[in-house]
Amino acid sequence: MEPVAPPRPHGRNPMVEIHKLWSVFDMPDRRLVIHKDLDLVVQRGEVLSIVGGSGSGKTVLLRQILGLEHPHKGHVRIMGQTVGQLSGRGASSRIGMLFQHGALFSAFTVLENIAFPLRELKTLPHKLIVEAAMVKLQMVGLKPADADKMPSELSGGMIKRAALARALIMDPPLLLLDEPTAGLDPDSSDGFVNLLRSLHRDLALTVIMVTHDLDTLFELSTRIAVLADQRVIVNDKPREVIAYRHPFVEDFFLGERGQRAMELLREYPFAI
Amino acid sequence: MATTDLTPRFEQAPAAQGHAVRLFGEWTAGQFARPHLFRDLLRTLPRAGAKLAWDLREAVLLDHVGAQLLWDHWGHRWPEQLEVLPPQRAILERVAQFTQVRPRRRKTRAKDLYLGFGALLLRAFDHLKGFVQLIGQLTLDLRELARAPHQAPWRDFSGHLYRIGAMALPITALVGGLIGVVLAYLTAQQLRQFGADAYIVDILGVALVRELGPMLGAILIAGRSGSAITAQIGVMRVTDELDAMRVMGISHTYRLVMPRAMALSIAMPLISAWTTVAGLIGGMIAADLSLGISPLFFMRALPDAVRVSNLVLGLSKSVVFGILIALIGCHFGLRVQPNTQSLGQGTTASVVTAITVVILVDALFAILFSNVGI
């Protein structure tokens, strides 16, 4: 029998490999092509940010990586395996996903939410599951007293933290983030970015995120992939991406709102 | 199951080397997903307190769950001799730092039950108060309607009339017709024993026109539209639409409650008449088949058997049922908290309450008008 756990960061395959991907949605009146022959490779240990205009298919791309959408053509491989091979039992030990609004189960407490993937394995004792969930809960900066709260009692930042703890409960090597700092005030946003950075360092995570927030983008990314014209027009280090000549890139990074964030690029050599 | 080199396992050195324990394989949650593996590991891991030497350097991977297992096994203490790689130590230290004994949940005591009962009573009282307020507000809105009838939300009204009334016709006809058939067959069995076959018209007529038609219609509409009303208004609460409306200075009761109550007060008697007719047709067919009473005789005997006052009573009951269902649906919808769980609870409570109230009010009518029409 094949081992349940996947090859880990020491393996040779790239973490994510997308080849000639087509995403097509059939509308009643027309056919909407979101991605056309899209190629993207994410190496292990990277923090890749996907940027693009609204409707350019950033979230659809995340959903393709997760296997929530089926490719029309082309294929998506994660650690050399197809998404189908990776889903199913113990999937949270392979990919963690932080949804934009947290997607915490509203009927469970925070602790039950975090422990849910472990409990579903049905092989671990209750005591160990609770302890492991408490460790993750505190690792993402929540207090032990928050464990018994219901998701409806949490603030936006706490929901994101709890959802992150749930995504990380089985220490997956790949973490996907959809707008991790959207809807957070600047303080919580900074705190969340710092948390993500330290987790990336400590757990040797590969992170793929979709974000509009330029501060987050430059503080975290080791690479930026720009989605436009139904494909990835450039996928490179932040400095190279800014220098790329394309109307979208110029408007996004060199427009007025880009200027302030560019300051950060000088302050945080980490990002380069 | 085949043991691959990723399977978490351990070896214990002979006594000469101090029983040192060396770990191999992946000590991760993904590996522990295998059946029995975790239990077997726990059973066989040597438990010699802190005296034993542990060597984790040959373990391919150690994640937080694996570290938690070891930490628990060590009794929440560091063993005296421990050989680990730096990343493993970081994970173990994090687990050691954050592991703590959770306080046990308090057991429920008699006082909690007493307080819970009190809270239940207060909540019921609060619901009653809210309901009375809703009726009061609706009365004020009706005054507003009378003052400026051309400004009333007639579009909403006709939309609700269509969705609550017209769309419910097939299901109410089906249920009404089938109940008529069942009732006719059951009574036919009894009546045949006494040779009182002709009385089936009286029994079916009175039962359906006075009781079953309005009741069945009301219960179906309570389930179908009462829940829909609560869910619609509840979703508006979850998505802040209700607050947006209030900010625009538009009254919830005027725009949301009143059109629904008006639509149901008109649709409900029509639905109940429709259900009654369907039931009578079903009963007529069944009577023809089981007792040989021809539809012609059935229709001729019906006006003599059932006085018009029964029909009036049935229809006026339906008006009351309709208004109650709408008000209960709106009441629970407006009380939904802005989270999805509360939405589900509110919808369930709304349907249960609406059906219970319909049956209660029906019993009240039966007592009050016991000498009318029979």
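Being a predicted model, the structure only gives us computed values, none of them experimental.

**Side note on the overall build of chain B**
Phase 1: Scanning chain B from N- to C-terminus turns up 13 helices and five strands.
Phase 2: Its C-alpha atoms give chain B a radius of gyration of 35 Å, clearly above 21 Å, the size a compact globule of 374 residues would have.
Phase 3: In terms of its C-alpha atoms, chain B occupies a principal-axis envelope of roughly 110 × 60 × 45 Å.
Phase 4: Within chain B, the fraction of its 374 residues that count as buried is 46%.

**Some details on the confidence of the model for chain B**
Residue and element names in this part refer to chain B.
Phase 1: Mean pLDDT over chain B: 89, with 97% of residues reaching 70 or higher.
Phase 2: Here helix α2 (residues 37-44) stands out as the least confident element of chain B, with mean pLDDT 81; helix α12 (residues 308-334) is the most confident, with 95.
Phase 3: Interface scoring of the predicted complex returns ipTM 0.76; its pTM is 0.73.

**Concerning the pairing of strand β3 (residues 47-52) of chain A**
Residues and elements named next belong to chain A.
Phase 1: With six of six residues buried, β3 is to be regarded as a mostly interior element.
Phase 2: Both faces of β3 are covered, namely the face carrying Val 47, Ser 49 and Val 51 and the face carrying Leu 48, Ile 50 and Gly 52.
Phase 3: Here five bridges tie β3 to strand β9 (residues 223-228), and the two strands are oriented parallel to one another. Note that in β9 the partner of Ile 50 across the bridge is Ala 225.

**Observations regarding the sheet that holds strand β4 (residues 73-78) of chain A**
Residues and elements named next belong to chain A.
Phase 1: Taken together, four strands build an open sheet; the order of strands is β2-β1-β4-β5 and the sheet is antiparallel. The strands lining the two open edges of the sheet, one partner per strand, are β2 (31-42) and β5 (81-82).
Phase 2: Judged from the two bridges that link them, β4 and β5 form a sheet pairing that is antiparallel. Bridging across to β5, Arg 77 finds its partner in Thr 82.

**A few points about the interface of chain A and chain B**
You'll often see interface size given as the accessible area lost when the parts meet.
Phase 1: Each partner contributes residues to the interface: chain A has 37 residues there, and chain B has 32 residues.
Phase 2: Between chain A and chain B the total buried area reaches about 2,900 Å² when both faces are included, carbon and sulfur atoms providing 62% of it.
Phase 3: Applying the counting rule to chain A against chain B returns one salt bridge.
Phase 4: Counting residues per element, the ones that place at least two in the side of chain A that touches chain B are α3 (110-121), α4 (126-139) and α6 (186-203) of chain A.
Phase 5: Of the residues belonging to the side of chain A that touches chain B, the class tally is 23 nonpolar, six polar and eight charged.

**Some points on the side chain of His 331 of chain B**
Residue and element names in this part refer to chain B.
Phase 1: Note on placement: His 331 falls in helix α12.
Phase 2: Residue His 331 is classed as buried on the basis of its relative accessible area of 6%.
Phase 3: Setting aside residues no more than four positions away along its own chain, His 331 makes contact with His 127, Gly 130, Phe 131 and Leu 134.

**Focus: the side chain of Lys 317 of chain B**
Phase 1: Looking at the element boundaries, Lys 317 of chain B is found in helix α12.
Phase 2: Apart from the residues within four sequence positions on either side, Lys 317 of chain B is in contact with Arg 210, Glu 211, Pro 214, Asp 362 and Phe 365 of chain B.

**Points about the packing of α3 of chain A against α4 of chain A**
Residue and element names in this part refer to chain A.
Phase 1: Axis separation between α3 and α4 bottoms out at 9 Å; the angle between their running directions is 120°. On the basis of their axis angle, the class for α3 and α4 is oblique. The chirality of how α3 crosses α4 is right-handed. Contacts between α3 and α4 involve Val 110, Leu 111, Ile 114, Ala 115, Leu 118 and Arg 119 from the first element and Ile 129, Val 130, Ala 132, Ala 133, Met 134, Lys 136 and Leu 137 from the second.
Phase 2: Taken together, the residues of the contact of α3 with α4 sort by class into 11 nonpolar, no polar and two charged.

**Some details on the environment of Leu 62 of chain B**
Residues and elements named next belong to chain B.
Phase 1: Along the chain, the position of Leu 62 falls in strand β4 (residues 59-62).
Phase 2: Considered as a pair, Leu 62 and Asp 40 are 22 residues apart in the sequence and their alpha carbons are 18 Å apart.
Phase 3: With near-sequence residues (within four places) excluded, Leu 62 lies in contact with Trp 27, Leu 56, Ala 67, Leu 70, Gln 88, Ile 91 and Leu 92.

**Here's the deal with the packing of helix α7 (residues 169-194) of chain B against helix α8 (residues 200-238) of chain B**
Angle between the axes and distance between the axes: these two values describe a pair of packed helices.
All names here are of chain B.
Phase 1: Packing of α7 against α8 leaves a shortest axis separation of 10 Å and a crossing angle of 145°. Considering only the axes of α7 and α8, their crossing is right-handed. Across from Ile 171, Thr 172, Val 175, Gly 176, Ile 179, Gly 180, Leu 183, Ala 184, Thr 187, Ala 188 and Leu 191 in α7, the residues of α8 making contact are Ile 200, Ile 203, Leu 204, Ala 207, Leu 212, Leu 216, Leu 220 and Arg 224.
Phase 2: Partitioned by chemical class, the residues of the contact of α7 with α8 number 14 nonpolar, four polar and one charged.

**Focus: the pattern of salt bridges**
Phase 1: Evaluated as defined, the whole model comprises 22 salt bridges over all chains.
Phase 2: Two residues, Arg 63 of chain A and Glu 69 of chain A, come together in a salt bridge whose shortest N-O distance is 3.0 Å.
Phase 3: According to the relative accessible area criterion, Arg 63 of chain A is partly exposed, its value standing at 30%.
Phase 4: Between Glu 11 of chain B and Arg 22 of chain B there is a salt bridge; the shortest N-O distance is 3.4 Å. You can see Glu 11 of chain B sitting in strand β1 (residues 9-12) and its partner Arg 22 of chain B sitting in strand β2 (residues 21-27), a full 11 residues away along the chain.
Phase 5: Residue classification places Glu 11 of chain B among the partly exposed residues on the basis of a relative accessible area of 42%.
Phase 6: Arg 22 of chain B sits in the partly exposed class, given a relative accessible area of 32%.

Cut-offs applied
- Residues numbered from 1 in each chain as written.
- Chains lettered and ligands numbered in written order.
- Predicted model: local features only at pLDDT ≥ 70, side-chain atom pairs only at ≥ 80, totals over all residues.
- Heavy atoms only, no water.
- Helix = DSSP H or I, 4+ residues; strand = E, 2+ residues; numbered from the N terminus.
- Rg over C-alpha atoms; globule rule 2.2 N^0.38 Å.
- Buried < 20%, exposed > 50% of the residue type's maximum accessible area, 1.4 Å probe, protein only.
- pLDDT = per-residue confidence, 0-100.
- Pairing = 2+ DSSP bridges.
- Contact = heavy atoms within 4.5 Å.
- Buried area = accessible area lost by both parts, 1.4 Å probe.
- Salt bridge = Lys/Arg side-chain N within 4 Å of Asp/Glu carboxyl O.
- Nonpolar A, V, L, I, M, F, W, Y, C, P; charged D, E, K, R; others polar.
- Axes fitted to C-alpha atoms, helices over the stretch in contact; angles between N-to-C directions.
- Parallel < 35°, antiparallel > 145°, perpendicular 65-115°, else oblique.
- Left-handed = near helix turned anticlockwise from the far one by under 90°.

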